Every structure is written in C-alpha cells, then in structure tokens.
Amino acid sequence: VGIIGGQSSGKSTLLNKMFGTRFDMMDSKTGRRQTTKGIWCGVAQGRSTLVLDVEGTDGREKEDQKAFEGKSALFCLALTDVMMVNLWMHEVGRFNAANRPLLKTVL
C-alpha cells in the first residue's frame, strides 16, 4: 500500500491510523512543515503488508522537484497493489488542482 498527495495533507497520519505504522507526523506546536523526505517503508501492524509513505508534493521547501515527484509516484505505483491519493477537498474537480500534473503521470 502506498500514498501520494500534497505536502502536509495528513498522509503519514492516515497511514499510522489505518495500518499502525510509526511514520513521523507533523507537530502542531512547530507549525506546518515537511516531515517525510523521500520514500519511507513500514510494515502494517499485525499484517504482512508493506506500507510506503511518499514525500508530499507542491511543498514550499522544494524549488524544482517535479522530476522526483513523478519518479517517486511511479515507483510507488510499481511496487504496490493499492496506491492512495490524498487530495485536499477544495482541489477535487478543479482543472488546475495542485497535484493534477502528478495524477496525469500516474494515471
């Protein structure tokens, strides 16, 4: 199982809650910032399931990371049976949504 989506959209938190993994999560006291860098692997608690936490897209910390975003999303897609896409609710249906180019690469 893998997940892709925007930076600070709750991907690690969702995986931790669903699969009992222990990926680093954002701390509300330190503010919104990138916590996952690269691709992290974990094993679902009580199951023999590999869980991939992929670095968020469209972050402020990154300047020219579009190539990495596409490659990491395709890597995740190649390794997993299920890939979740975490989108902000207000981005669904918008033509110029933040992750639209990445979705075009994957789909």
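Preceding block: the structure.
Residues numbered from 1 in each chain as written. Predicted model: local features only at pLDDT ≥ 70, side-chain atom pairs only at ≥ 80, totals over all residues. Heavy atoms only, no water.

A.B. asks: Looking at this model, I keep getting lost on the pairing of strand β2 (residues 39–43). Mind explaining?
C.D. replies: If a strand is regular, its side chains alternate between the two faces of the sheet. Bridge count between β2 and strand β3 (residues 50–54): five bridges; the pairing is antiparallel. Residue pairing in the sheet places Ile39 in a bridge with Val54 of β3. The turn joining β2 and β3, which pair antiparallel and follow one another in sequence, is formed by six residues; a positive phi near 80° is taken by Gly46. (Pairing = 2+ DSSP bridges. Helix = DSSP H or I, 4+ residues; strand = E, 2+ residues; numbered from the N terminus.)

A.B. asks: Even after reading the chapter, I still don't get the environment of Val1, so can you show me in this structure?
C.D. replies: Mapped onto the elements of the fold, Val1 is located in the segment before β1 (2–5). Spatially, the C-alpha atom of Val1 lies 6.2 Å from that of Leu52, the residues being 51 residues apart in sequence. With sequence-adjacent residues up to four places away left out, Val1 is seen in contact with Phe19, Thr49, Leu50, Val51, Leu52, Thr80, Val82 and Met84. (Contact = heavy atoms within 4.5 Å.)

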